[in-house]
Amino acid sequence: MASSTDHEVAAFVAQVEISSEHQPEFLQAVHEVVESVMPVVLDNKTYQDANILERLVEPDRLLRFRVTWEDDQGRVHVNRAYRVEFSNVLGPYKGGMRFHPTVNESVLKFLGFEQVFKNSLTGLLMGGGKGGSDFDPKGKSDAEVRRFCEALMLELGRHIGPDTDVPAGDIGVGAREVGYMFGAYRRLHNKHVGVLTGKGIGWGGSLIRTEATGYGCVEFCRHMLEHTGDGFAGKKCVVSGSGNVAQHAAEKLIKLDAKVLSLSDSKGCIYVEDGLTTEHLEWIKDLKNNRRGRIHEAADAFDGIEYREGGEPWDIACDVALPCATQNEVSEDEARRLVKGGVRAVAEGANMPVEAGGVAVFQQAGVLFGPGKAANAGGVAVSGLEMAQNAGRLMWSADKVETQLEDIMRDIHAKCIEHGSGAHSTAKGVPDYVRGANVGGFIRVADAMLDQGLW
Ligand code: NDP
Ligand code: 2IT
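What comes next is a walk through the structure. (Residues numbered from 1 in each chain as written. Chains lettered and ligands numbered in written order. Predicted model: local features only at pLDDT ≥ 70, side-chain atom pairs only at ≥ 80, totals over all residues. Heavy atoms only, no water.)

### Structural notes on the environment of Arg344
One can find Arg344 in the loop between α12 (332-340) and β11 (345-347). Along the chain, Arg344 and Val84 lie 260 residues apart, while their C-alpha atoms are 36 Å from each other. Sequence-distant contacts of Arg344, that is, excluding residues within four places in its chain, are made with Asp230, Lys235, Asp319, Val367 and Leu368. A polar contact of 2.7 Å, which involves the side chain of Arg344, links it to the side chain of Asp230. (Helix = DSSP H or I, 4+ residues; strand = E, 2+ residues; numbered from the N terminus. Contact = heavy atoms within 4.5 Å. Polar contact = N/O pair within 3.5 Å; in protein donor to acceptor, adjacent residues only side chain to side chain.)

### Regarding the pairing of strand β6 (residues 236-239)
Bridging between β6 and strand β7 (residues 259-265) involves three bridges; their strand directions are parallel. When the sheet's bridge partners are listed, Cys237 is paired in β7 with Val260. Pairing analysis gives three bridges linking β6 to strand β10 (residues 320-322), with the strands arranged parallel. Across the sheet, Val238 pairs through a bridge with Ala321, a residue of β10. (Pairing = 2+ DSSP bridges.)

### Things to note about the sheet that holds strand β4 (residues 128-133)
Read across the open sheet, the five strands follow the order β1-β2-β4-β3-β5; overall the sheet is mixed. Sheet topology places β1 (61-70) and β5 (165-168) at the edges, where each strand pairs with a single neighbour. Here the strands of the sheet are splayed against their neighbours by 20° on average, with no regard to which way each runs. Across three bridges, strand β3 (residues 93-99) lies against β4 in parallel orientation. (Axes fitted to C-alpha atoms, helices over the stretch in contact; angles between N-to-C directions.)

### Remarks on the site of ligand 1
Taken together, 25 residues form the shell around ligand 1, and within it Lys138, Asp170, Thr213, Ser266 and Arg294 come nearest. Note that an oxygen atom of ligand 1 is positioned 2.7 Å from one of the side-chain N or O atoms of Asp170. Contact between ligand 1 and Ser266: an oxygen atom at 2.4 Å from a side-chain N or O atom of the residue. Across the complex, the protein chains shield 84% of the 890 Å² of accessible surface that ligand 1 would expose by itself. Those elements that place two or more of their residues in the shell around ligand 1 are α8 (209-227), α9 (244-255) and β7. Here the residues of the shell around ligand 1 are counted per class, giving five nonpolar, 13 polar and seven charged. (Near = heavy atom within 4 Å. Areas by Shrake-Rupley, 256 points an atom, 1.4 Å probe, with all protein chains shown as cover. Nonpolar A, V, L, I, M, F, W, Y, C, P; charged D, E, K, R; others polar.)

### Comments concerning the packing of helix α15 (residues 377-392) against helix α16 (residues 398-420)
Relative orientation of the contacting elements α15 and α16 amounts to 130°, with a least axis distance of 10 Å. Considering the angle they form, α15 stands oblique to α16. In terms of crossing hand, the pair formed by α15 and α16 is right-handed. Listed contacts from α16 to Ala377, Gly378, Ala381, Val382, Leu385 and Gln389 of α15 are Val401, Gln404, Leu405, Ile408, Met409 and Ile412. Among the residues forming the contact of α15 with α16, the class breakdown is nine nonpolar, three polar and no charged. (Parallel < 35°, antiparallel > 145°, perpendicular 65-115°, else oblique. Left-handed = near helix turned anticlockwise from the far one by under 90°.)

### Focus on the nonpolar core
In globular proteins that are soluble, nonpolar side chains generally tend to be buried together. Among the nonpolar cores identified, the biggest contains 55 residues, and Phe220, Phe232, Leu253, Leu263, Leu276, Leu322 and Ile412 are the most heavily contacted of them. If one sorts the elements of this core by residue count, α8 sits on top with eight residues. Ignoring any residue separated from it by four or fewer positions in sequence, one finds Leu253 in contact with Val218, Phe232, Cys237, Val239, Ala258, Val260 and Leu322. In terms of nonpolar packing, the next biggest core, distinct from the first, is built from 40 residues, Val84, Phe117, Phe442 and Val445 among them. (Core = buried A, V, L, I, M, F, W, Y, C linked by side-chain atoms within 4.5 Å. Buried < 20%, exposed > 50% of the residue type's maximum accessible area, 1.4 Å probe, protein only.)

### With respect to the site of ligand 2
Around ligand 2, the structure places 14 residues, and the nearest of them are Lys94, Lys118, Asp170, Arg209 and Ser383. For ligand 2, a nitrogen atom lies 3.1 Å from a polar atom in the backbone of Gly169. Contact distances for ligand 2 include 2.5 Å between an oxygen atom and a side-chain N or O atom of Ser383. Residue assignment for the shell around ligand 2 shows that the elements contributing at least two residues are β3, α5 (105-121) and α15. Class assignment for the residues of the shell around ligand 2 results in two nonpolar, seven polar and five charged.

What follows is the structure, given as structure tokens:
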């Protein structure tokens, strides 16, 4: 029988469905958070009186603008770009920019909404936002990407600033794009300030920012395993994606003596029976980051690497799965296959890569499941450290940044345990990391909203 909390959740989500119709990704993200936090809200009259939930699901503002740019043949193109400024109650809006043909309002609202709670969990002073464009950097020359970034910054530049809104990278936005966007901002506004993170190391970037999301995700997963008395050594791991997050998750796994059996891209996956070596990984990093090639090329270059056209890593028997590519890449059925293959821990390097049905499958099977807003918070956490370094006009050593990253990931894990264990545990006494992350992130934001009045 449905409880009164279930009714409240259903009624609330039904309202959001009306105000945000045709936004399935956003509704998926809202549903998950509201399911976790509704009992806390129902238990707290002050949250109810202040209408905290209704205020949280509506972004502060949503900017949408045209970007007009010229290709190498002189043809003129038009793309749509956005910045969703979700909440600045804990600090300047903070979150990445995504360049991918699938970018739309729903995707960016889901990412901006998640970012609010993720950034809260880091304990740093960062609000939540996200932006991007349906521009596809694949197959474009460096000059085309530069012209697009410059045209985008012509409009975005007037809405951001080191104390206002600080974008960074995400899918399709890496060091090259951040460099072009920063250069355009600097010239347009005549200011060299920390307006973006993920900058080059020589001109305001932080050491370890590139590595932070992947390293942090493996750190979070290590804490989940250690909480059950287990560790990474010898574990068979599957990783999806082959971009920034996947590369550095794989790097950290290799350092911890785990065996990385796969990487992938949107066209297929590689299977490495004996585990990826450092030599393989360095070659793949160069392929993806400099030569901008496809993952199948790794199978042509090395004997021990097999390419599976159209394949995904989820059919490979493993102990640990780290989805690090994109949203909804693990369906309910694929989650079942992973459980059948013996998976014991899943940590989301990507944002919302596991469908809601898949999360339920893992939790019912007693699999440790670390949601993205906790497991991939290391990236934005080091972005926060980059902002701190920029504000102080100094630069910290790699050791200092990495130690702080590790401390933050340990604290996020502890917060998940605080709000997700004991009576809240899922099957077989496994902590409910989804509830833990959502409630832990929510309380700090909600209390700050109460303190700051109605806005
Ligand atoms: P990159 O652009 O560096 O890499 C993205 C990878 O995911 C590529 O291998 C890409 O393959 C694959 N991919 C993208 N879209 C799809 C799709 N629709 N289907 C299958 N594969 C796809 O991005 P990041 O590594 O930075 O981001 C990966 C994920 O991590 C995203 O969910 C992002 O939001 C999240 N994240 C990133 C952070 C960061 O600091 N960069 C921080 C926290 C989360 P292909 O080349 O074929 O497109
Ligand atoms: O999803 C994310 O947390 C990011 N893409 C990183 C955001 C940031 O501001 O570093």
